[in-house]
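Secondary and tertiary structure notes
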Amino acid sequence: MTVDVQATRDVVDIITGGWRAQALYTAVRLGLPDHVAAGCDNDVELAKATGASEGGVHRLMRLLVAMGVFTGSAATGYRGTRVSAALVDGPQSLRDMCLLYGEEFHSAWNHAPHAISTESSGFEVAYDQPFYAYLAEAPATARRFQRTMNAASMFFHRVPAAFDFEGKKVVDVGGGGGQLLATVLRAAPDATGTLLDREHMTAKAREYLHAEVGAKRVEVVDGDMFTGVPKGGDVYILCRVLAGHGDEDVVRVFEHCRRAMADASSRLLILDRFVEDENPTVLPALWDLHLLMTTGGEHRTADRVTRLLERAGLFVERTADLPMETTALVAAPRTPQRA
Ligand SMILES: Nc1ncnc2c1ncn2[C@@H]1O[C@H](CSCC[C@H]([NH3+])C(=O)O)[C@@H](O)[C@H]1O
C-alpha cells in the first residue's frame with residue numbers, strides 16, 4: 001500500500017487548524033503581543049509579566065514564532081511582527097475578535113455537527129439562549145462583539161472608490177453606529193446623508209455622526225426597514241444587513257428602497273460578503289457557517305441576491321471587490337419609479 005504523504009500532510013494541517021487558533025487565543029489572553037511590543041523579549045520576563053509558567057510561555061512562544069506571529073527565539077530575543085502588531089490592544093485591534101472567537105464562538109463551533117445537521121445555531125445549544133439575547137445579558141461580551149464588528153469594518157474606507165457619492169443624497173438603511181455613512185460623507189463633501197436604524201441604535205449613531213460630519217449634513221431616523229425607508233434618496237446602502245433575514249423580508253426591503261428612490265438614476269448599493277457555489281473561497285464559506293453557528297443565519301450567493309433584486313424590480317448594474325472578500329453590488333431600478 002502506498003501512502004499519500006502530501007494528502008496526510010494536508011489533512012493534518014486542516015485538523016490542527018483549531019489548535020493554532022487556540023494557541024493564538026491563549027497568547028492574546030495572556031497579553032503576549034502587548035508585552036513583546038513593550039519590550040519583554042525573553043521567557044523569564046514574559047512569564048513574570050503574564051503570571052504564566054516559564055516553561056509554558058517558552059513552548060507557546062516557540063509555536064507562535066513557527067506560525068509567524070513573532071520572530072526571534074528565547075536565545076536571541078523575541079520580536080513582534082505585523083501579525084502580533086494587529087493584536088496589540090488599541091483602536092482597530094483584532095484582540096477582541098481573537099478573544100470572542102476563542103471563547104464564546106469556539107463553544108458554539110463545538111456543536112458544529114448538530115448545527116450543520118439541523119441548520120440551527122450551535123451557540124443556542126452551548127448557551128441555552130440565542131446569541132443576541134446572551135449579549136443583552138453579558139455587557140463585556142457585547143462590547144467585545146461591537147469592537148469585533150468595528151475591526152471588521154476596515155473595508156469602509158474603500159467604499160468611496162467603488163461608488164461616486166459626490167453631491168448625492170445617501171440613505172444608509174440599517175446603518176448601525178454610523179461609521180460607514182461618516183466615511184462616505186467625509187469623502188464626498190457635497191453629499192448629504194440619512195441613517196435609518198432601530199430606535200435602540202440611533203442615539204449612538206446620531207451622537208457619532210453629529211460629531212464627525214455635523215448635524216447640517218446628516219439626519220438620523222428611527223424606523224423599521226420592513227415597513228419603509230426614507231424617501232427621495234439618490235443612493236440606498238444596505239451594508240451587512242441582509243444575512244440575518246429571510247428571502248421574503250429581503251425582497252420587501254429591496255422594494256421599499258426602489259419605491260423610495262428619487263428617480264431612475266438612483267441606485268441601491270449592497271455591501272456584503274457573498275458565498276460562491278462554484279470555485280468557492282474559504283473565508284466567505286467559513287463566515288457563512290459561522291453565521292449558522294452563532295445566529296442560525298447565512299450568507300447568500302450573488303446569484304441568489306440577484307434573483308431577489310429582480311423580484312423587487314431591480315437589476316445588477318455592476319459589482320466591485322472590496323477588502324476581506326467583501327463585494328459592492330450596485331443595483332438599478334428596471335423602470336423609472338416615483339415615490
Ligand atoms: N427592521 C430593521 N430596520 C432597520 N434597521 C434594522 C432592522 N433590523 C436590523 N436592523 C439593523 O441592521 C444593522 C445590522 S449590523 C450592520 C450595521 C452597519 N450597516 C455596518 O455595516 O456596520 C443593525 O444596526 C440593526 O439594528
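Here is what the cut-offs are and how they apply
Residues numbered from 1 in each chain as written. Predicted model: local features only at pLDDT ≥ 70, side-chain atom pairs only at ≥ 80, totals over all residues. Heavy atoms only, no water. Salt bridge = Lys/Arg side-chain N within 4 Å of Asp/Glu carboxyl O. Helix = DSSP H or I, 4+ residues; strand = E, 2+ residues; numbered from the N terminus. Buried < 20%, exposed > 50% of the residue type's maximum accessible area, 1.4 Å probe, protein only. Near = heavy atom within 4 Å. Polar contact = N/O pair within 3.5 Å; in protein donor to acceptor, adjacent residues only side chain to side chain. Areas by Shrake-Rupley, 256 points an atom, 1.4 Å probe, with all protein chains shown as cover. UniProt positions renumbered as here; feature names shortened; annotations may be inferred. Pairing = 2+ DSSP bridges. Axes fitted to C-alpha atoms, helices over the stretch in contact; angles between N-to-C directions. Contact = heavy atoms within 4.5 Å.

Focus: the pattern of salt bridges
Within the structure shown, the criterion is met by 15 salt bridges. Notably, a salt bridge pairs Glu212 with Arg186, separated by 2.4 Å at the nearest N-O pair. Of this pair, Glu212 sits in helix α15 (residues 199–213) while Arg186 sits in helix α14 (residues 179–187), and the two are 26 residues apart along the sequence. Judged by relative accessible area, which is 43%, Arg186 ranks as partly exposed. With a shortest N-O distance of 3.4 Å, Arg198 and Asp224 are connected by a salt bridge. Highlighted residues: Arg198 in the loop between β4 (192–197) and α15 and Asp224 in the loop between β5 (218–222) and β6 (235–239), separated in sequence by 26 residues. Linked through salt bridges whose partners overlap, the residues forming this network are Arg29, Asp96, Glu103, Arg144 and Arg147.

Details of the site of the ligand
The environment of the ligand is made up of 14 residues, and the closest members are Gly174, Asp197, Asp224, Cys239 and Arg240. A distance of 2.6 Å separates an oxygen atom of the ligand from a polar atom in the side chain of Asp197. Here Arg240 contributes a side-chain N or O atom positioned 2.9 Å from an oxygen atom of the ligand. Bound to the protein, the ligand loses 82% of the 570 Å² it would expose on its own.

What to know about the UniProt feature "domain: O-methyltransferase dimerisation" (unreviewed entry) in the protein chain
Here, UniProt's "domain: O-methyltransferase dimerisation" (unreviewed entry) annotation points to residues 13–88. The span residues 13–88 shows a helical share of 63% and a strand share of 11%, and its end C-alpha atoms are spaced 27 Å apart.

With respect to the sheet that holds β4
Note on sheets: strands pair through backbone hydrogen bonds, and any given pair is parallel or antiparallel. Sheet architecture is open: seven strands sit in the order β5-β4-β3-β6-β7-β9-β8, paired in mixed fashion. Looking at the sheet topology across the chains shown, the edges are occupied by β5 and β8 (314–322). Across the sheet, the axes of successive neighbouring strands diverge by a mean angle of 20°, strand direction being ignored. Where β4 and β5 come together, five bridges link them in parallel fashion. Pairing of Asp197 across the sheet is with Asp222, part of β5. In the packing of α14 onto the sheet, contacts are made with β3 (169–173), β4, β5, β6 and β7 (267–272), and the angle to β4 comes to roughly 175°. α15 contacts β4 and β5 of the sheet and is inclined by roughly 175° relative to β5.

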